[in-house]
Amino acid sequence: MQNVKKIVLAYSGGLDTSAIIPWLKENYGCEVVAFAADVGQGDEELEGLHEKAIASGASECHIVDLKEEFVSEYIFPTITTGAVYEGEYLLGTSMARPVIAKAQVEIARKVGADALCHGCTGKGNDQVRFESTFAALAPDLRVIAPWREWDMVSREDLLAYLAERNIPTTASATKIYSRDANAWHISHEGGELEDPWQEPTKQVWTMTVDPEDAPDTPERVTLSFDEGKLTHVDGEALSPYQALVKLNTVAAAHGVGRIDIVENRLVGMKSRGCYETPGGTVLLKAYKALETMVLDKAALKYREQIGLEFSHVMYDGRWFTALNDALLAGAASFAKKVTGDIVVKLYKGQATVTQRQSPNSLYSEDFATFGADDVYDQKHAEGFIRLFSLSSRIEALKKQGEQ
């Protein structure tokens, strides 16, 4: 455990990373620089973080504001792919990891560190996401993962470790849930959620109103897009991050964006989690509704294939890869047509698209109408169907001839 002089730790101020700082100093005999990313998790989680890191033994603490970069460079491009992991998960934790790990590498270069450290466990996806980014951007830097090295196995062990060293912590042994928050969502794991037969109690949810307690009057919100980018909410021009903040506030008040799933982790096991993604749920619904107006059948089918593949690329931590770049480039080509306005009705946990318009719309009332029209000769359909089903006809005739 030698030959390391300075380590940059991805620091959250929680129990794990508070214990990691003294553990690194004791076991590696090195300087520890704390790095914290502001990805919109809330001011309360960042308050006093610098002082806490220094009190735990860090020589420095760098808190980097990544909110706008996170939303504009990671969330919005992902939306253009339509990616949803295993049909439900909107990838909130997954999307945050590459921007955090990239900034951690940048801090390491800035302070002249020779190693990087994270507090991810050996059971989860995040260790893969962080270390895959490190491998792509800083293959020369050593990676240290204390949960794969030390002999501590529980919250009680970590609390005892800190108490022995008189290092203050606000954590306790009674913490029920493991949560991760950012501008896009908040995730909840642990506690009663470890039993998939147990319905989540009200104390699980922290971001959204219970749909049963949501207002009895629906609310409508208008989203305006320009070439795949959300530019206005209810006619107000907003930055990507501010637009998401506004959507979160409006949608959360109506209980929108809750899911309760059992998902397949990359490392092989299944896990149960509850996620709250109010603004993201509205945004993705609106984007996909606009796509249906401007993309033809073949284009939309291919974009859906991109989304399916990209959901796994993102979930598995492969942002800094050639495959990621190719999929995003394909989605971006379709996004050029995604311009227009969408109205979404929010009511009792549901987000429903009710109106849509686009200058690039392929929808034609003249062609689609069930009334009389002068542009579509229904007789033409006979020849189309005969050619479309020709292979089936040939196969059936062959079978008849063999009988």
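Let us look at the structure shown here. (Residues numbered from 1 in each chain as written. Predicted model: local features only at pLDDT ≥ 70, side-chain atom pairs only at ≥ 80, totals over all residues. Heavy atoms only, no water.)

## Here's the deal with the overall build of the protein chain
Per the secondary structure count, the protein chain includes 14 helices and 14 strands. Considered along the principal axes of its C-alpha atoms, the protein chain spans approximately 85 × 60 × 45 Å. Put simply, the protein chain has 403 residues, and 48% of those count as buried. By element, 52% of the accessible surface of the protein chain is carried by carbon and sulfur atoms, the whole surface being about 20100 Å². Averaged over its 41 positive side-chain charges, the protein chain has a centre that lies 4 Å from the centre of its 59 negative ones. (Helix = DSSP H or I, 4+ residues; strand = E, 2+ residues; numbered from the N terminus. Buried < 20%, exposed > 50% of the residue type's maximum accessible area, 1.4 Å probe, protein only. Areas by Shrake-Rupley, 256 points an atom, 1.4 Å probe, with all protein chains shown as cover. Lys, Arg positive; Asp, Glu negative; His and termini not counted. Charge placed at Lys NZ, Arg CZ, Asp CG, Glu CD.)

## Some details on the sheet that holds strand β7 (residues 186-190)
Strands sit in the order β6-β7-β12-β11 across an open sheet of four strands; the sheet is antiparallel. The sheet is open, and its two edges are formed by β6 (177-181) and β11 (258-264), each paired on a single side. Recorded for the sheet is a direction-independent mean angle of 25° between the axes of neighbouring strands. For β7 and strand β12 (residues 270-276), the ladder comprises three bridges, and the chain directions are antiparallel. By the bridge assignment for β12, His-188 is matched with Cys-274. (Pairing = 2+ DSSP bridges. Axes fitted to C-alpha atoms, helices over the stretch in contact; angles between N-to-C directions.)

## Here we look at the packing of helix α4 (residues 67-81) against helix α9 (residues 278-294)
The geometry of α4 relative to α9 is characterised by a closest axis approach of 9 Å and an angle of 45° between their N-to-C directions. Taken together, the axis directions place α4 and α9 in an arrangement best described as oblique. Where α4 crosses over α9, the two elements pack in a sense that is right-handed. Seen from α4, the contacting residues are Phe-76, Ile-79 and Thr-80; seen from α9, they are Leu-283, Leu-284, Tyr-287 and Glu-291. (Parallel < 35°, antiparallel > 145°, perpendicular 65-115°, else oblique. Left-handed = near helix turned anticlockwise from the far one by under 90°. Contact = heavy atoms within 4.5 Å.)

## Focus on the pattern of salt bridges
Counted by the stated rule, this structure contains 22 salt bridges. Glu-31 is the partner of Lys-6 in a salt bridge, and the nearest nitrogen-oxygen pair spans 3.9 Å. In this pair, Lys-6 sits in strand β1 (residues 6-10) while Glu-31 sits in strand β2 (residues 31-38), placing the two residues 25 residues apart along the sequence. Residue class for Lys-6 comes out buried when judged on its relative accessible area of 17%. Between Glu-291 and Arg-303 there is a salt bridge, with the nearest N and O atoms lying 2.8 Å from each other. Taken together, the residues Glu-291 in helix α9 and Arg-303 in helix α10 (residues 297-315) connect sequence positions 12 residues apart. (Salt bridge = Lys/Arg side-chain N within 4 Å of Asp/Glu carboxyl O.)

## Examining the packing of α4 against helix α11 (residues 322-335)
Remark: α4 packs on α11, axes separated minimally by 8 Å, with the N-to-C direction vectors making an angle of 75°. Classified by the angle their axes make, α4 and α11 are roughly perpendicular. Facing Pro-77, Thr-80 and Thr-81 of α4, the residues of α11 in contact are Leu-328, Ala-331 and Ala-335. Looking at side-chain class alone, the contact of α4 with α11 contains four nonpolar, two polar and no charged residues. (Nonpolar A, V, L, I, M, F, W, Y, C, P; charged D, E, K, R; others polar.)

## Describing the side chain of Asp-126
Note that Asp-126 resides in helix α6 (residues 126-137). Judged by relative accessible area, which is 17%, Asp-126 ranks as buried. Here the side chain of Asp-126 touches Arg-129 through a polar contact of 2.8 Å, side chain to side chain. Residue contacts for Asp-126: discarding those within four places in its chain leaves Thr-93, Arg-97 and Cys-120. (Polar contact = N/O pair within 3.5 Å; in protein donor to acceptor, adjacent residues only side chain to side chain.)

## Topic: the nonpolar core
Judged by nonpolar contacts, the single largest core of 83 residues is most densely connected at Leu-223, Val-282 and Val-344. The greatest single-element share of this core, amounting to 10 residues, is contributed by helix α5 (residues 92-111). Here Val-344 is in contact with Glu-219, Arg-220, Val-221, Leu-223, Val-282, Ala-286, Ala-351, Thr-352 and Val-353, once residues within four sequence places are set aside. Membership of the second largest hydrophobic core comes to 31 residues, among which are Ile-20, Trp-23, Tyr-28 and Leu-46. (Core = buried A, V, L, I, M, F, W, Y, C linked by side-chain atoms within 4.5 Å.)

## Let's talk about the pairing of β2
For β2, the buried fraction is high: seven of the eight residues fall into the buried class. Pairing between β1 and β2: five bridges, direction parallel. Across the sheet, the residue bridging to Ala-10 is Phe-35, located in β2. With helix α1 (residues 15-28) bridging β1 and its parallel neighbour β2, the resulting β-α-β unit is right-handed. (Right-handed = clockwise from strand over helix to strand, strands pointing away.)

## A closer look at the packing of aromatic side chains
Following the criterion strictly, the structure yields 12 aromatic pairs and no others. Connected via pairs of aromatic rings, a cluster forms that spans Trp-23, Tyr-28, Trp-147 and Trp-150. Taking NZ or CZ as reference, Lys-67 lies 5.7 Å from the ring centre of Tyr-241, over its face. Above the ring of Tyr-315, the side-chain terminus of Arg-129 is found at 4.9 Å from the ring centroid. (Phe/Tyr/Trp six-rings, centres within 6.5 Å; stacked < 30°, edge-to-face > 60°. Lys NZ or Arg CZ within 6 Å of the ring centre and 35° of its normal.)

These figures capture arrangement, not role.
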